[in-house]
Amino acid sequence: QHQELLGTDVFMTLVYVQAALEEHHRIVAAEEPKILMHANDCQDPVGCNEDWHAIWWNGMACFLLD
């Protein structure tokens, strides 16, 4: 039905773009952005990185994968 309205070329392009965006979401969700610099008063950079990983995976990653 949508293919008839859009035409085959536009519809197929839309399908490919949607698939590429879905793959990109999965890639972004799987690997959180790295912390490049900690605050000067950060007492535990390793623990901070671990917390960030947990927050990312339990928050934004779940949002992106839904």
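Summary of the structure given here.

Reading the values: rules and limits
Residues numbered from 1 in each chain as written. Predicted model: local features only at pLDDT ≥ 70, side-chain atom pairs only at ≥ 80, totals over all residues. Heavy atoms only, no water. Helix = DSSP H or I, 4+ residues; strand = E, 2+ residues; numbered from the N terminus. Rg over C-alpha atoms; globule rule 2.2 N^0.38 Å. Buried < 20%, exposed > 50% of the residue type's maximum accessible area, 1.4 Å probe, protein only. Areas by Shrake-Rupley, 256 points an atom, 1.4 Å probe, with all protein chains shown as cover. Patch = residues over 30% accessible without salt bridge, like charges linked within 9 Å, V, L, I, M, F, W, Y side chains within 5 Å. Salt bridge = Lys/Arg side-chain N within 4 Å of Asp/Glu carboxyl O. Phe/Tyr/Trp six-rings, centres within 6.5 Å; stacked < 30°, edge-to-face > 60°.

### Details of the overall build of the protein chain
A count of helices and strands for the protein chain gives 4 helices and 0 strands. Counting from the amino terminus, the protein chain carries its helices and strands in the arrangement α-α-α-α. In terms of C-alpha radius of gyration, the protein chain reaches 19 Å, well past the compact-globule figure of 11 Å for 66 residues. Per-residue burial for the protein chain yields a buried fraction of 9% across its 66 residues. Accessible surface, the protein chain as shown: approximately 5,800 Å² in total, 61% of it carbon and sulfur.

### Quick word on a nonpolar patch on the surface
There is a patch of nonpolar side chains on the surface, built from L5, L6, V10 and L14 and spanning about 390 Å² of accessible area. Sorting the residues of the nonpolar patch by element identifies α1 (2–6) and α2 (8–30) as the ones contributing at least two each. Its place among the elements puts L14 in helix α2. Its relative accessible area of 46% is what places L14 among the partly exposed residues.

### As for the packing of aromatic side chains
Taken as a whole, this structure holds 1 aromatic pair when the rule is applied. Ring geometry for W52 versus W56: centroids 5.8 Å apart, planes at 55 degrees, classification tilted. Separated by 4 residues within a single helix, W52 and W56 lie in helix α3 (residues 45–58), roughly one turn from each other. In this structure W52 comes out as partly exposed when scored by relative accessible area, which is 28%. The exposure class assigned to W56 is buried, which follows from its relative accessible area of 10%.

Purely geometric stuff here, so don't read any function into it on its own.
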